[in-house]
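# Per-entry structural report
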Amino acid sequence: MEYTIERAKLGDEAVLAYIQTESWKAGFKDILNAETLQRSTQIDKATMMYRRILEQNIGNGYLLKVDGEPHCIAWWDTTRGNDMPGYAELICIHSLQNRWRKGYGSKMMETVLWDISAAGYKKVMLWVFEDNARARHFYEKHGFTTSSKKKPNSEPTEICYEREISGDLR
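Below is a short write-up of the structure. The shown structure was predicted, so the numbers you read here are calculated from the model rather than taken from an experiment. (Residues numbered from 1 in each chain as written. Predicted model: local features only at pLDDT ≥ 70, side-chain atom pairs only at ≥ 80, totals over all residues. Heavy atoms only, no water.)

Interaxial distance between helix α4 (residues 104-118) and helix α5 (residues 133-141) falls to 11 Å at its minimum, and their mutual angle equals 50°. Looking at the two axes, α4 sits oblique to α5. Taken as a pair, α4 and α5 cross one another with a handedness that is right-handed. Contact with α4, carried on its side by Gly105, Ser106 and Met109, involves Phe138, Tyr139 and Lys141 of α5 and no other residues of that element. (Axes fitted to C-alpha atoms, helices over the stretch in contact; angles between N-to-C directions. Helix = DSSP H or I, 4+ residues; strand = E, 2+ residues; numbered from the N terminus. Parallel < 35°, antiparallel > 145°, perpendicular 65-115°, else oblique. Left-handed = near helix turned anticlockwise from the far one by under 90°. Contact = heavy atoms within 4.5 Å.)

With that out of the way, let us pick up unusual backbone geometry. One can expect most non-glycine residues to show negative phi and most peptide bonds to be in trans. Phi at Asn57 takes a positive value of approximately 55°, unusual for a residue other than glycine. Along the chain, Asn57 falls in the loop between α3 (43-55) and β2 (60-66). Phi is positive for Asp67, close to 50°, though the residue is something other than glycine. Using a relative accessible area of 47% as the deciding quantity, one classes Asp67 as partly exposed. (Buried < 20%, exposed > 50% of the residue type's maximum accessible area, 1.4 Å probe, protein only.)

Okay, the pairing of strand β3 (residues 69-78) next. Pairing analysis gives seven bridges linking β2 to β3, with the strands arranged antiparallel. When the bridges of β3 are listed, Leu64 appears paired with Cys72. Sheet analysis places β3 next to strand β4 (residues 87-95), joined by seven bridges and oriented antiparallel. Each residue of the ladder has a partner; that of Thr78, found in β4, is Ala88. (Pairing = 2+ DSSP bridges.)

Right, dumping it as structure tokens:
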């Protein structure tokens, strides 16, 4: 199987929304309550969100395709919090369940980390549900470690992971 990774562009919003919402349904079904999961996976709202951020050129998005079929997305930008200046933030990395654990998420992570480094950032952070053992293992495998930060007023609890970026990513 061959894969490609390309920058997300206007016109990709429906596929970006589909991958995100399907990934959430599969990955968070045991973490989020049914009402929150249903509210968070409304395809129309997700499509509108991606259209808006693509139209406004917010952040850096990617789409990974396997044999021409969309499979994985990722998005990063400057951190959205005021308490971690100089950090990039990995906002999301989602893939469809049918190819989990095949290495495509790792290929996407390599691309994103390289892009973050090329943009001049030396540190990157992300938020993950504390109970999301699968994602936490993935991030730890890619050099992320937990910090002491937790998102205030989040239920379920979201914890912060971070890592330094060296110049030898590729």
